[in-house]
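Spelled out from the first residue to the last, the chains are:
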Amino acid sequence: MYRRRRLLVVFMLLLMTMFVLSACDKKPPIKIGVVGTMSGKESDLSVSGRRGVELAVDELNAAGGINGALIELVIKDDLNSPEQALKVNKELVDEGIHFVIGHFTSGMTLSVIDFVNASDLLMLGPTISAGQLSGLDDHFIRFIASTREQADVLSDIVASEKHKSSMVLYDIRNKGFTDKLVENFQNLVEEKTGFMPLAIAYNPVIKETRDDAIQKISEAAPEGLFIVASAEESAILAQTIKKAQPTIQLYGPLWANTQELLRKGGDSVEGMILVGGIDYDDQRLPFTRFKESFNLSFGEEPTFASMYAYETMKALATSIEVTNSQDLDTVKAKLIEINTFEGIQDAFEIDAFGDSTRTYHAYKIQSGALRKVD
Amino acid sequence: MVVFLLVQGIFGFITYQNLKFKFEEDIRVNTESLLEFLNQNLDNFIDTPIALLSKMREMMPQNFLPADVEFIKTYIASIENVYPIIGHIKMIDKEGNLFVQSTDLEEFTTYNFKNESFFINQPIGNEIIWSNIYMSTVTNKPTITMSETIGDLLLVADINLDELGTIIHTDRFKVVKSISILDKYGNYLYDDNSLKVEQRQKVTQFEKIKEISLNKARYISKTDEGNALVVAEKHGFQDDGYLVVELDYDLLIEPLTKFKRNFAVSIIGLFLLSLVALSFFMKHIVKDFNHLSEQTKAVATGNYNYKIEPCRFLETQGISNDFLKMREILENRELRILEINGGLEEINAQLVEEIHEHTNTLIMLREKDTDLERALNIAREANMAKSQFLANMSHEIRTPMNGILGMINIMIMTPLSDEQSNYLQTIQSSTNTLMSILNDILDYSKIEAGKVVLVNERFSLKRTLSDLNNLFRSSAVHKKIKFEFIIANDLPDTIFGDEIRLRQILSNLISNAIKFTNFGGVELYCKRLIENGNKITLQFKVIDTGIGISKKEMDTIFDRFIQGSNTGETKTKGTGLGLAISRMLVELMGGKLFLESQLDIGSAFTVEVPFEICNDQIQGTFQDKKRKKINDAYLKGLDILIAEDDLTSAFIMQMMLSKAGASVDVAENGSIAAEKSDKKVYDIILMDVNMPILDGLNATKAIRLKNNLNNQGASVPIIAITAYASEGEKEKCMSFGVNDYVTKPVDFEILYEKIISLCIKEVHMEKNSGVEKIEGIIETLCQASGFDEETAYLVMETYLKQTKGILDRLNVLKESESSSAVLIETGQLFHKLKGSSGNVRANEIMALAIEAEALCNERTIESMQEKVALMTSLIETYEESFRSIREISKI
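Residues numbered from 1 in each chain as written. Chains lettered and ligands numbered in written order. Predicted model: local features only at pLDDT ≥ 70, side-chain atom pairs only at ≥ 80, totals over all residues. Heavy atoms only, no water.

Student: Please set out the overall build of chain A residue by residue, giving values where relevant.
Tutor: Scanning chain A for helices and strands turns up 12 helices and 15 strands. In chain A, which comprises 374 residues, the proportion classed as buried is 55%. Approximately 16100 Å² of chain A is accessible, and the part contributed by carbon and sulfur atoms is 55%. (Helix = DSSP H or I, 4+ residues; strand = E, 2+ residues; numbered from the N terminus. Buried < 20%, exposed > 50% of the residue type's maximum accessible area, 1.4 Å probe, protein only. Areas by Shrake-Rupley, 256 points an atom, 1.4 Å probe, with all protein chains shown as cover.)

Student: Can you lay out the sheet that holds strand β11 (residues 340–341) of chain A for me, pointing to particular residues and giving the numbers?
Tutor: Residues and elements named next belong to chain A. Pairing in this open sheet of 3 strands is antiparallel, and the strands run β11-β12-β13 from one edge to the other. With partners counted over all chains shown, the strands left at the sheet margins are β11 and β13 (356–357), one partner each. Looking at chain direction, strand β12 (residues 348–350) and β13 are connected through 2 bridges and run antiparallel. What sits directly across from Glu349, in β13, is Thr357. (Pairing = 2+ DSSP bridges.)

Student: Help me get a handle on the interface of chain B and chain A, residues and values and all.
Tutor: Each partner contributes to the interface: chain B provides 20 residues, whereas chain A provides 29 residues. Interface area for chain B against chain A, summed over the two sides, is near 2200 Å², with a carbon-plus-sulfur share of 41%. Of all residues in chain B, Asn115, Gln199 and Arg200 of chain B give up the largest surface area on contact with chain A, accounting jointly for 28% of the area buried on that side. Scanning the region where chain B abuts chain A turns up 1 salt bridge. (Contact = heavy atoms within 4.5 Å. Buried area = accessible area lost by both parts, 1.4 Å probe. Salt bridge = Lys/Arg side-chain N within 4 Å of Asp/Glu carboxyl O.)

Student: Tell me about helix α7 (residues 207–220) of chain A, and please be specific about residues and values.
Tutor: All names here are of chain A. Here α7 is 14 residues long and its end C-alpha atoms lie 20 Å apart, about the 20 Å a rise of 1.5 Å per residue gives. Every buried residue belonging to α7 is among Arg210, Ala213, Ile214 and Ile217, and all of these are buried. Across the axial projection of α7, the buried residues extend over an arc of 95°, all falling on one side. Exposed side of α7, more than 90 degrees from the buried face: Glu208 and Glu219 are the residues found there. Tucked into the core, α7 has its buried residues touching β6 (166–171), β7 (198–202), β8 (224–228) and α8 (231–244). Just downstream of α7, Ala221 is the residue with a positive phi angle, here 45°. (Expected span 1.5 Å × (residues − 1). Arc of directions from axis to C-beta.)

Student: Got a sec to walk through helix α3 (residues 82–94) of chain A? Specific residues and values, please.
Tutor: All names here are of chain A. Between its first and last C-alpha atoms α3 spans 19 Å; for 13 residues at 1.5 Å apiece the expected length is 18 Å, and the two agree. Along α3, the residues classified as buried are Gln84, Ala85, Val88, Asn89 and Leu92. Each buried residue of α3 sits inside an arc of 135° when the element is viewed along its axis, so together they form one side. Exposed side of α3, more than 90 degrees from the buried face: Glu83 and Asp94 are the residues found there. Contacts made by the buried residues of α3 are with β1 (30–36), β2 (71–77), β3 (99–101), α4 (106–118) and β4 (122–125). Looking one or two places after α3, you find Gly96, whose phi comes out positive at around 75°.

Student: Could you give an account of the packing of aromatic side chains, naming the residues involved and the relevant values?
Tutor: By the definition in use, this model includes 16 aromatic pairs over all chains. Between Phe177 of chain A and Trp255 of chain A, the ring centres sit 5.7 Å apart and the planes meet at 85°, which makes this aromatic pair edge-to-face. On the criterion of sequence distance, the pair formed by Phe177 of chain A in the loop between β6 and α6 (178–193) and Trp255 of chain A in the loop between β9 (249–252) and α9 (259–265) is long-range, its members being 78 residues apart. Here the two residues Phe177 of chain A and Trp255 of chain A agree in accessibility, since each one is buried. Note on Phe71 of chain B and Tyr75 of chain B: the rings are 6.4 Å apart at their centroids and 10° apart in plane angle, and the pair reads as stacked. (Phe/Tyr/Trp six-rings, centres within 6.5 Å; stacked < 30°, edge-to-face > 60°.)

Student: So what about the sheet that holds β1 of chain A? Which residues, and what values?
Tutor: Residue and element names in this part refer to chain A. Strand order in this open sheet of 5 strands is β2-β1-β3-β4-β5, and the pairing throughout is parallel. Both edges of this open sheet fall to β2 and β5 (140–142), since each of them pairs with a single strand only. This sheet shows a mean twist of 25° between the axes of neighbouring strands, independent of strand direction. Sheet analysis places β1 next to β2, joined by 7 bridges and oriented parallel. Counterpart to Val35 in the pairing with β2 is Lys76. Contacting β1, β2 and β3, helix α2 (residues 44–62) runs over the sheet at an angle of about 170° to β2. (Axes fitted to C-alpha atoms, helices over the stretch in contact; angles between N-to-C directions.)

Student: Lay out the pattern of salt bridges in plain terms, naming residues and giving numbers.
Tutor: Under the criterion given, the structure shown has 39 salt bridges over all chains. Note that Asp212 of chain A is salt-bridged to Lys216 of chain A, the shortest N-O span being 3.9 Å. Here Asp212 of chain A pairs with Lys216 of chain A, and both are found in helix α7, just 4 residues apart, close to one helical turn. Residue Asp212 of chain A is classed as partly exposed on the basis of its relative accessible area of 41%. Residue class for Lys216 of chain A comes out partly exposed when judged on its relative accessible area of 42%. Between Asp104 of chain B and Lys73 of chain B there is a salt bridge, with its nearest N and O atoms 2.8 Å apart. Of this pair, Asp104 of chain B sits in the loop between β2 (98–101) and α3 (106–109) while Lys73 of chain B sits in helix α2 (residues 68–82), and the two are 31 residues apart along the sequence. Connected through salt bridges with shared partners, the residues Lys76, Lys87, Glu91 and Glu95 of chain A form a single ionic network.

Student: Just give me the short version of the environment of Ile412 of chain B, but keep the residues and values in it.
Tutor: Residues and elements named next belong to chain B. In this structure, Ile412 sits in helix α10 (residues 314–413). Ile412 gets classed as partly exposed once you look at its relative accessible area, which sits at 38%. Sequence separation between Ile412 and Gln425 is 13 residues; the distance between their C-alpha atoms is 8.3 Å. Each residue touching Ile412, except ones within four places of it in the same chain, is listed here: Leu424 and Gln428.

Student: Give a detailed account of unusual backbone geometry, specifying residues and quantitative values.
Tutor: Residue and element names in this part refer to chain A. That bond from Gly102 to His103 is cis: its omega, -25°, falls within 30 degrees of zero. Residue position: His103 is located in the loop between β3 and α4. With a phi close to 55°, Leu79 is a non-glycine residue in the positive phi region. With respect to the secondary-structure elements, Leu79 resides in the loop between β2 and α3.

Student: How would you explain the packing of α3 of chain A against α4 of chain A if you had to name every residue and give the values?
Tutor: Residues and elements named next belong to chain A. One can describe the packing of α3 onto α4 by two numbers: an axis separation of 9 Å at closest approach and a directional angle of 40°. In this view, α3 runs oblique relative to α4, as classed from their interaxial angle. Where α3 crosses over α4, the handedness of that crossing is right-handed. Only Met108, Ser111, Val112, Phe115 and Val116 of α4 make contact with α3, whose side of the interface consists of Pro82, Ala85, Leu86, Asn89, Lys90 and Val93. Residues belonging to the contact of α3 with α4 are distributed by class as follows: 8 nonpolar, 2 polar and 1 charged. (Parallel < 35°, antiparallel > 145°, perpendicular 65-115°, else oblique. Left-handed = near helix turned anticlockwise from the far one by under 90°. Nonpolar A, V, L, I, M, F, W, Y, C, P; charged D, E, K, R; others polar.)

Student: Let's hear about the side chain of His284 of chain B: which residues, and what values?
Tutor: Residues and elements named next belong to chain B. Turning to its location among the elements, His284 is positioned in helix α9 (residues 254–300). Owing to a relative accessible area of 15%, His284 belongs among the buried residues under this scheme. In contact with His284, not counting residues within four places along its chain, are Arg312 and Phe313.

Student: Any details on a nonpolar patch on the surface? Residues and values, ideally.
Tutor: All names here are of chain A. Residues Leu8, Phe11, Met12 and Leu15 make up a contiguous nonpolar surface patch of about 420 Å² in total accessible area. Its location among the elements puts Met12 in helix α1 (residues 2–23). Classification of Met12 by relative accessible area gives partly exposed; the value is 48%. (Patch = residues over 30% accessible without salt bridge, like charges linked within 9 Å, V, L, I, M, F, W, Y side chains within 5 Å.)

Student: I'd like a rundown of the nonpolar core, residues and numbers included.
Tutor: Ranked by internal contacts, the top residues of the largest apolar core, which has 94 residues, are Leu169, Leu225, Val228 and Met313 of chain A. Per-element tally for this core: the top contributor is helix α11 (residues 304–323) of chain A, with 11 residues. Once residues lying within four places of it in the same chain are set aside, the contact partners of Leu169 of chain A are Ile200, Tyr202, Ala213, Ile217, Leu225, Phe226, Ile227, Val228, Leu237 and Ile241 of chain A. In this structure, Leu53, Tyr75, Leu153 and Leu155 of chain B belong to the second largest nonpolar core, which totals 49 residues. (Core = buried A, V, L, I, M, F, W, Y, C linked by side-chain atoms within 4.5 Å.)

Student: Can you tell me about the packing of helix α13 (residues 499–515) of chain B against helix α15 (residues 578–588) of chain B, naming the residues and giving the values?
Tutor: Residue and element names in this part refer to chain B. In the contact formed by α13 and α15, the axes pass within 9 Å of each other and the chain directions differ by 145°. Relative to α15, the crossing made by α13 is left-handed. Only Gly578, Leu579, Ile581, Ser582, Leu585 and Val586 of α15 make contact with α13, whose side of the interface consists of Arg501, Gln504, Ile505, Asn508, Leu509 and Asn512. Of the residues contributing to the contact of α13 with α15, the split by class is 6 nonpolar, 5 polar and 1 charged.

Student: Provide a residue-level description of the confidence of the model for chain B, including the pertinent values.
Tutor: All names here are of chain B. Averaged over every residue, the pLDDT of chain B is 79; the share at 70 or more is 88%. Mean pLDDT across the elements of chain B bottoms out in helix α16 (residues 620–629) (39) and peaks in strand β15 (residues 535–544) (92). Long-range and interchain partners of residues 618–631, a stretch whose pLDDT sits below 50, account for 18 contacts in this model, where long-range means more than four residues apart. Low pLDDT, under 50, characterises residues 762–768; the predicted model gives this stretch 10 contacts beyond four residues in sequence or across chains. Interface confidence for the predicted complex, expressed as ipTM, amounts to 0.77; the pTM equals 0.50. (pLDDT = per-residue confidence, 0-100.)

Here it is, written out as structure tokens:
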């Protein structure tokens, strides 16, 4: 009798264990890192990109996650400093994270790329177009086209405007992106017009270099000026330069193409031509839906960074889901194998080196809004 | 004890619930007041800048003069210094350019504010507009701007959001973990952790917060972290946003936790106390019961003088007293029982003696019984041995008998004088009689040994009965007696069962009836008895007006070797096994056979057997007709190899097959047969199973391994000839690669049929589908139109001719230019073809014609021509098959 009772107890314990185990069936979350300049003056691009990732994750998790596992974002701030960037990537590795979306500027990415390649991290850059990162079979996948495509779009317009003279003013800090872009632009303009535009570098942190650069430009008085700087910087430069040269035609890269430029540039950026990754006049359902969700979630307009980051997150989720693996090589191979992804506005491709090709368009600021240049 | 604890538990639970409710109410009230306090502070925070802005409006001159600029600058700078909450104040002109600013910031001097949200959404009248949160380029801190219009100018004041903390945060509430302010999208406007604001993060549980706020549930909801509560409240700051307070859950419910703990301690204490008390009482009660138990044991063993110990408890005392009374009664009763017992013992002794005697008698009887059984077994074994011997003998005799029969068959075909012919017929009839006797003996022993396996095959009841009628009609006519079958109309035509055995039973009964009837007649009645689903029990009744069977004989007539009127006066012959076999077979089939008879008047044998109804009809007509069309010359041109070691058998077969027109070779054993089939191509091989050197089955295997072919290039068919016709034998033969088999003695008609069916099958192997199709079409046509078969054939012939014509025309049109006239004609031809094919039920062609017509209408010429080609080849196949069928039926 006693023994039977003991058996019963053992049986009950077993049952309870099974119940507990079945209750624990919920899969552990898939952790994905997001790194970028999340605070400070130059945080616009990264925050906008991060919000794109957050929106994608909200949608994915609402639909049940990836193969039943929810996605958990681990957000790190690189403070726009190479040392901090390296530190946060190390933290991600220590936390056992394999996939990281970011950084959002080429300079930050270049400062961590050697570490990323040597560790178990796959870095997906929604906005990184640095030429140095192209054509390598590394741990970095680019979700944006290279600088050459940007330079191509702008040089075409410069050629068609038939400026008597043109110049380039660029922020030296985002090296890897700015110098490559400027070089491409100079070469292409020379190819198309026969004249190579002069390029002037400056460092916004050192006020004298900016003043010096502005001085040089007002002396040379070119008809066209390509400003390669952040939105914030471009706005300030435009305000100053336009005061002295009201008729100058300004050009800007995708980097500067955020709401910040319009907001802070005011009148001075009217007529400026920018490379655009996002067409706000697009009335097709995928974009209008995306725009609406973004507005509802964050109370602001999406930027190209938000859209690319959103697409990056969705592509990564697809690859993890299809392979049902969190091994970075498997997931990377799948991303390359899938090759063509349906973007929100256009399809984009990822080649064998993890580089993307996308179509860029030129946009002109008219009455405080971006209008596509045909 | 259990009840006690239960009551305690219930009481405790109710108390706990009440207290919990009270605590929760307290928490609710406290939370409300906390929120009110915070809201008040927040309102104050918002009121300050609003009041300041109104004041500024009052202070400012409405029309600005250049001289006013310095005054305004001093004024707004002083406000900025006094109120830390105010960041930077600036005034913007109509063009979006700076008019004046509180602190001189160089970057603003050239700045254009046209695209700033505060410029785009200009306030009207005394309205104040709040901007979205943004990172101030001046302070690098999260900022909101307030703007109002003063005259033509726009006054813009930055509000330092991080100042919010100093205003709303409080140490008065220990339970508060953190306070956050969110905008309507869930973005942090303020949080104790300033990073969240600086990084413009969105709160993680925004949906939950919205839900709480929406339900006006200013109340507790647990966060994912588990230990805190979220209280959310809309605030009137900027647009509608959320004030979120996280509380320390543990601290909040601390009083409740404490109560719960104390309560649990007191319950456990009570439980332990009751346990101690109970164990004390139990110990004493057990002691009392032990005493009582010992007394009971003592009384049980008859010790009525056991000394009783006093009990401690009143209740046990009562039991003890009752026990004493019982002891007295028991003592008296026992004395009386002892007296009665003495008398009973004497009677018992007598009874034991009697039983002993009876047992002895029983043992003797049992021994005798065993002896009898042994004797019976010996008799049974002897009987079995006799039966076995008889069976063996019969089997052995059958082989030479076959020889005799065969030779007689051949001899009859030679030229004979009438006298010789007469003798020979007598010999033939005697031999046949002898064969049937042998078959009876074999059958009986087989059934007795349980070796008969019934088959369950589909057969036509009507045909079986009609065959039987044909079989016996001549003998009845010969005896000049009436012979009639009365068959009910509602019988199913096709049933499942063992036709051969049913024939055997009925043949036996009918032949007996004819045998014993000299006047009057024999009638067979057949009707259904019971029908249940697809099961049917049929009754066959054979009634004769013969000599009848006496009552005495009726008991033994079904025993073996017993014949009716066994007195020798009648001219009957036979083994007397017939009825015994019939009854055994009927019983094997699950039926009954019984007899009613009256001496000199007649007998009636009734058979009742269950069958299964078959719902498909046997497609007999074609088969039958084909069979009838075969004549002796049909084997003409066939090369046949016979493998048979018994020379007589071989000779007979050679004779019979040659007579049917075949050219025949003979091999004495399997090895020679295999060799011969290598050297010469045969149409068919007849293979005796039992042969020396290499038996028939292994010879077949050897031939199959070499894959010898017949004249048609198909695998040469082999028919096994075997003396053992059991079910297993058939499967064994087939497994060696034999196509079919016949049993000895060989029924040549069956053999011819099998040879023809196998050879024809081989001939038409490739065109098989065509033949089947044509037959199928004609059969469908017959059924659908009510044509007889011959008419259907004529219709088919006409159809084939007409279709050939249409297709020829189509093929001609194909070559010509594809003008619209040509296409119209083509379409019409397809339409016609569709109609005529449908009429004769040539569905395959009809389907193709429909498709082709559609393709023609779509002008898809190439696919259409493919259909024409398909139809042409199909119609050629049909024609060829049709010709071959007609040729067979003409033979």
